[in-house]
Structures are given as C-alpha cells and as structure tokens.
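In case you want the letters, here they are:
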Amino acid sequence: MTSTNQRMGEFSRLAQDLAATEDETARLQLAVDSAVLLVERCAHACISINEKGRNVIRVGSDDVARRANELQYEVGEGPCLDVRREQVALVCADLATERRYPSWARRAAADLEVGSMMSLLVYTDDDAYGCLSLYADRGVRFDADDVAVGETLAAHLAVTLAAGREIHGLGLALNSRLVIGRAEGILMERLGISEDQALDYLRRVSSHTNRKLVAVCEEIVRTRELPEA
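Residues numbered from 1 in each chain as written. Predicted model: local features only at pLDDT ≥ 70, side-chain atom pairs only at ≥ 80, totals over all residues. Heavy atoms only, no water.

**Details of the side chain of R58**
Part 1 of the argument: Within the element layout of this structure, R58 appears in strand β2 (residues 54–60).
Part 2 of the argument: It is E24 that comes nearest to the buried, bridge-free R58 among opposite-charge side chains, at 5.5 Å.
Part 3 of the argument: Here the side chain of R58 touches T25 through a polar contact of 2.9 Å, side chain to side chain. (Helix = DSSP H or I, 4+ residues; strand = E, 2+ residues; numbered from the N terminus. Buried < 20%, exposed > 50% of the residue type's maximum accessible area, 1.4 Å probe, protein only. Lys, Arg positive; Asp, Glu negative; His and termini not counted. Salt bridge = Lys/Arg side-chain N within 4 Å of Asp/Glu carboxyl O. Polar contact = N/O pair within 3.5 Å; in protein donor to acceptor, adjacent residues only side chain to side chain.)

Here it is in structure tokens:
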C-alpha cells in the first residue's frame, strides 16, 4: 500500500517530468505509462480524442487498451462516448454485470479479458474532447482509491496540456471548469455540502489567499487537502 506522502512525491515527480517533456506525444505516452504504475489496479491505459465525431486514439500502454477503446466506437456505446456529457469520471466497476453499455462491456470482458474500466475527461471545447481510459484485468475491480488517483493523474495531465496550449496540433486550451468541478466534488464529499456551497467555499479561499480560482482548485485536486475558507 502506497502512503500519502509517497503518492504525493510520485505525483510531484510526474508533474516535473510532464512539464519537462516538450514533445506532445511523448508527454501523453508518459501519462498513460504512469497510470499503469500509479493506479494500483490499472493494467492498461490509453488517451483518445473525439473531434467532431471522429475518434483518434493518440497513445496507449498496450494493444488491449487501444482495442478496448476502439470497440466502444465500433459498437457506438461506452464510457468514452459519455464522459463529456457527465463531466466527471465514469467508472464501470464490473464489466461482467455492466448494464449501461451491455454490448461493449460483454465483448471487452470476453475478448480482451478486462474486468473494470474508468474514463476521465482531460479537456474539452466546443468541437472536441479528450479522455484518459484506464482498464483493470479480469477479476479485478477499481476501488475508490484507484478513482481518486486516476482523477489526480488526469488533473495533472490537464494542467500540463493547458500550459502547452495544444494537443495533437489542434490548439485546444483546457476548459478550467473540469479542474474546478473536480475540486467541487472533493469538497462536496468531504464536507457534505451542495455544489453551490462548494463553489462559494472555493471563491472565499481564492479571495482570502489572493490566488486565481483555478489555481486553488488545482492544488486541492493534486493534494486532496482542504484549505481554510
């Protein structure tokens, strides 16, 4: 079991490595390789882009992840196709009993021997969005800690892509609402408050600390620690 301090150190090193990697494809490849190492039950990972209905898998840790995502586009259903609308991590805990995407889940479990999946939105704009897809092997289920680590990894990648101002040559900036939404979700879970109350909390912290709202949210998502409002 990885301790909180160890995890924070790992993410700190990853953030430095992502920032130091100039090539976009190499940066994305580093992210998916890191997902397999950092998310305890993750065995396969990939990043895909949907631009105006055209789906492109940019990088993958292996063929299993690529094929599992391709299968979603082939059958016309799956978490990668819904994650933009939901604006949160979409988790299929057990593909053997998954009811939202029965055709895809059944084939992914039988043909690719994957047991659990999560899709994390990395960026979005009017015409396109990108997501990080994580897969566990058959008989393995992602738990709440895996989802939290996956969300943190996605947030790191989102911030890095925003700094670079482009992905796949499309010049797409990060919609900072994704990071704000993740921070709101952490506050809602920890404090038992509503979405509006969470946003008010974040605004107070931003005002009191004289920091931009998105910077406050990035820190909360990265450290999962709550500042005083």
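**Describing helix α3 (residues 63–75)**
Part 1 of the argument: Over its 13 residues, α3 runs 18 Å from end to end, which matches the ideal 18 Å to within 8%, given 1.5 Å per residue.
Part 2 of the argument: If you check which residues of α3 are buried, you get A65, A68, N69, L71 and Q72. Down the axis, α3 shows its buried residues gathered within 150° of arc, on one side only. Counted as exposed and oriented over 90 degrees from the buried face of α3: D63 and E74.
Part 3 of the argument: By the N-cap criterion, in which a side-chain oxygen at the helix start approaches the backbone nitrogen of a residue two or three places on, α3 is capped by D62, the distance to V64 being 3.1 Å.
Part 4 of the argument: Positive phi appears at G76, one or two residues downstream of α3, with a value of about 75°. (Expected span 1.5 Å × (residues − 1). Arc of directions from axis to C-beta.)

**Things to note about the environment of G130**
Part 1 of the argument: Within the fold, G130 resides in strand β5 (residues 128–137).
Part 2 of the argument: Spatially, the C-alpha atom of G130 lies 9.4 Å from that of V56, the residues being 74 residues apart in sequence.

**Considerations on unusual backbone geometry**
A negative phi holds for most residues other than glycine; trans holds for most peptide bonds.
Part 1 of the argument: Backbone geometry at N210 places phi at a positive 55°, although glycine is not the residue there.
Part 2 of the argument: The topology assignment puts N210 in the loop between α8 (195–209) and α9 (213–223).
Part 3 of the argument: With a phi close to 60°, R224 is a non-glycine residue in the positive phi region.
Part 4 of the argument: Mapped onto the fold, R224 is located in the segment after α9.
Part 5 of the argument: Residue R224 is classed as partly exposed on the basis of its relative accessible area, which comes to 22%.

Functional significance is not addressed by these values, which are geometric in nature.
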